[in-house]
Structures are given as C-alpha cells and as structure tokens.
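Inside the fold
Here is what each chain is made of, one letter per residue.
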Amino acid sequence: MKVAIFDAFNGAGGDMILSSLVGLAISKSEIDEIVGLLNLKIDYQIEKVNVKGIEAKRVIVKEKRGDEREYSEIVSLIEGSDLEDYVKADSLAIFDILAKAEGKVHGRDYREAVFHEVGADDAIFDVVCCVKGIRNLINRGYRLFAKPIRTGTGFTQFSHGKYPVPPPAVLEVLKNAKIKVIFEGEGELLTPTAASILSYYCEDFPAYPLLVENVTYGAGSRETEVPNLLRLILGEVAMHDSIALIETTVDDISGEFVGYTLEKLISNERVLDVTALPAFGKKMRTATLIKVIARTEDAEIVAEEIMRLTGSLGVRVIPVYHRIIAEREHGAVRVKIEGREFEVRFKRSMPGFRHVKPEFDDIVRIAEELSMPIHQVYRRVMKVLDDVGSNRK
C-alpha cells in the first residue's frame, strides 16, 4: 500500500501543508491555474529556506484584497469556478467543516458564518491548492495518514479576544476526526484551516513497517525552538493490522443455542470473523470451541457479548500483533445469463494476488430466479470477472 504521511511534529498551518506538497504533489503551473480560475487577489512566491539546518520550501502569500468573506460568498466563488469537480467538492467540504465549527463555537447558523482569520483570499488559496495537491497524491494511489499533531499550549489572541490553545474552533474540528493530537509546544501550532484539511483526508497512522520513498518539508513563518516545519513522508507499507482472537469452549448449551450465538456474533459490526469447532471438554463431554476475530480495541466488548450469549464464565483474549491482509477493492459487474441481466457484487484482492470472489448471496439469488444449478451460475459469473480483470491489466 502506498502511503502519504503528514508528520506535524511542530503543528501545521495551511501554508505549511501546501509548502510540503509543492514540487512533489502540485506544480507551480497548477497553482497559477487555481489563482486564475478563482480570480484571487494575491501575490505569492515559493522560496527555498533553511530552517535550523533543514532545507525546506515556504510559500509566501501577500493578499491584495484584505477583507473577510462570508461562508456563502466562498461557496459561490468555488462553485462558480472552472475547477475540476472533485477539487470543488473537497474544497467546499473543508470550508463546510470550518463553518460548522465556527457556528457551533459561537452559537449561530453556520451558513451565516463570517470568516475572519480563515476567510480571506490567502486562506482560499491555501485550501484549494492543498486539495489539488492531495488529490493528485490520491489519484497516484496514495492513502493519507497523519502522525499525532502537536497543537501548542498557552493562549492566542484573535478577532474575538484571547483564547486558550488549541482554540475552540480547532477542537470542534477535531471532535469527529480520525487523527490524534498532542497538547504540547510553543504557542498556537495548529490552525483551524490545517486541522480541517488534515481531519478531512487523514487517518491516524498505525505502527506499520514503512519503506520510505521520499520526504519533503514545508516551512511555517514563525520562529520556534523546534524547527517550524511540517514533514510529508511518502512510502509503502504491507497491509496489516492489530487484532485479537477471542475464544471460549462451551459444553453445557445445545446446538440451537450455539447457532443463535453464532448468528448474533456474525451480525455484530465489531466482529470480523466467527468460527465454531467441535471439541471435547471435561470428562470427555462434547463441546463447541467458539473463535472470534475482532479489532484489538473491540476485544473486551466482544468478549463480554460472548459471555452474555453463552453464559460462559471465562473467555480467552489472545492478542495478534501482526496480521498481513491483502488490499481489497469492492465492485459490481453486470452479467447476462439466459437473456437476462443481473448485477453481481464482488471482492478482489490487489495488487499482487488478484484473487476475485463474487458475492455468494447474488449467485444464489440468480440461480433461484433462473432455476439453474448454482455451479453453472458461478462459472458464468467468474468468466465475466476474469475478463474484467484481464482488461484492467
């Protein structure tokens, strides 16, 4: 799996994210095109700088307009532009996050929000250019992650007064994000714009072994004791995760109760897989070994559910610290059988193994509708899937 990791070891601003993307994920000509399409009243320059011994890029923006914008004005500006549809959609989603955070903090309708620090042309420039660069990475097959971000400490002064760091709007943005933060550092290190961009695109980076391919640094404008840089790391990892094997042996419930337990566990969204094996217990009593796979963070909740369903007095939770899993894509194909067309869902492992498996429920449905043997339907569907796979290579 190709990964792009934002390492905000000293926080992040929109300008720092863009600076880390320049030359690696977005070109100057693409930036110029965005400025022209949005008719932004700014001047900008890209310079190479050395920050405490580390070479980095810094994007410096000078705004000619200088006043604030309402949320509705920003929406109209982006929607009315000739930007690519996916750049429009992502940019609007990020400003939507910002507006809702501001609205929640100040107790007003977010659609009537007036942006002060994040609504001027330089902020629109940062957001839209970052979206373009990040989407270029995604289009090249990269999945976005962020290491824990330092937010800073102390107090910050802005249009509404003096507020603790991180500011309320930043915390509001982070409430439903998949990224983690660390309350450390000098002053305000994480801006609302950067928090919105990173929370929209990134997941928390787990402990994957990483093969590093490229590293860039985006510089901020402040001088801090820690280098004021955002590091962007491109690399490749093996797809794996951390799971737990949860198991118990029951010898005092009937097959009907075991079946009911398995049905409830299979339908539980915290459960990844369920297996039941015949076994012998104490005094050679016939028993059932129930084995469940769940994510590590869900293991105790699943264990309690097993105990509730079976009456078991003890459940074993066995950590599995490293599980290799194949990347998978989900899709659907149209299959014509006996003059009728059906949709069949499938899962395909990628990129190395290329194993493909149709959704069995769809095979059964087609076989029953056509009164055909199920193996005949399966073979016809697999031929279509094989043809689709061959055309993708």
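In short, a report on the structure. Everything numeric in this text was worked out from a predicted model, so none of it was measured.

Considering the overall build of the protein chain
- Of the regular secondary structure elements, the protein chain holds 11 helices and 20 strands.
- Each of the 393 residues in the protein chain was classed as buried or not, and the buried ones make up 45%.
- In the protein chain, the proportion of contacts linking residues at least 24 apart, taken out of those at least 6 apart, comes to 68%.

Details of the environment of Thr310
- Assignment of secondary structure puts Thr310 in helix α9 (residues 299-310).
- Those residues in contact with Thr310 that sit more than four places away from it in its chain are Val250, Ile253, Thr261 and Ile290.
- In terms of polar contacts, Thr310 uses its side chain to reach the backbone carbonyl oxygen of Ile306, at 2.8 Å.
- Separated by 3.1 Å, the side chain of Thr310 and the backbone nitrogen of Ser312 make a polar contact.

Structural notes on the pairing of strand β1 (residues 2-7)
- Summarising burial for β1: 5 of the 6 residues are buried, a large majority.
- Here 6 bridges tie β1 to strand β13 (residues 229-237), and the two strands are oriented antiparallel to one another. For Ile5, the partnering residue across the bridge sits in β13 and is Ile233.
- Where β1 lies against strand β6 (residues 142-146), 5 bridges are found, and the strand directions are parallel. For Ile5, the partnering residue across the bridge sits in β6 and is Phe145.

Things to note about a nonpolar patch on the surface
- Among the surface-exposed residues, Leu210, Val212 and Val215 lie close enough to one another that they form a single nonpolar patch of about 200 Å² accessible area.
- With respect to the element layout, Val215 can be found in strand β12 (residues 210-219).

Considerations on helix α2 (residues 28-38)
- When we look at burial in α2, the residues that qualify are Glu30, Ile31, Ile34, Val35 and Leu38. One face of α2 carries all of its buried residues, which in axial projection span an arc of 140 degrees. Facing away from the buried side of α2, by more than 90 degrees, are the exposed residues Ser29 and Gly36.
- If you follow the buried residues of α2, they end up packed against α1 (14-21), β2 (42-51), α3 (71-79) and α5 (121-139).
- Trailing α2 by a residue or two, Asn39 shows a phi angle of about 55 degrees, which is positive.

Quick notes on the side chain of Lys88
- Residue placement: Lys88 occurs in helix α4 (residues 85-106).
- There is a polar contact of 2.8 Å between the side chain of Lys88 and the backbone oxygen of Ser81.
- With near-sequence residues (within four places) excluded, Lys88 lies in contact with Ile78, Glu79, Ser81 and Leu83.

Thoughts on the environment of Lys180
- Mapped onto the secondary structure, Lys180 falls in the loop between α6 (168-174) and β10 (181-182).
- For Lys180, a relative accessible area of 49% puts it in the partly exposed group.
- The residues contacting Lys180, other than those within four sequence positions of it, are Lys147, Pro148, Ile149 and Asp204.
- Polar side-chain contacts of Lys180 include one of 3.5 Å to the side chain of Asp204.

Reading guide: rules and limits
Residues numbered from 1 in each chain as written. Predicted model: local features only at pLDDT ≥ 70, side-chain atom pairs only at ≥ 80, totals over all residues. Heavy atoms only, no water. Helix = DSSP H or I, 4+ residues; strand = E, 2+ residues; numbered from the N terminus. Buried < 20%, exposed > 50% of the residue type's maximum accessible area, 1.4 Å probe, protein only. Contact = heavy atoms within 4.5 Å. Polar contact = N/O pair within 3.5 Å; in protein donor to acceptor, adjacent residues only side chain to side chain. Pairing = 2+ DSSP bridges. Patch = residues over 30% accessible without salt bridge, like charges linked within 9 Å, V, L, I, M, F, W, Y side chains within 5 Å. Areas by Shrake-Rupley, 256 points an atom, 1.4 Å probe, with all protein chains shown as cover. Salt bridge = Lys/Arg side-chain N within 4 Å of Asp/Glu carboxyl O. Arc of directions from axis to C-beta.

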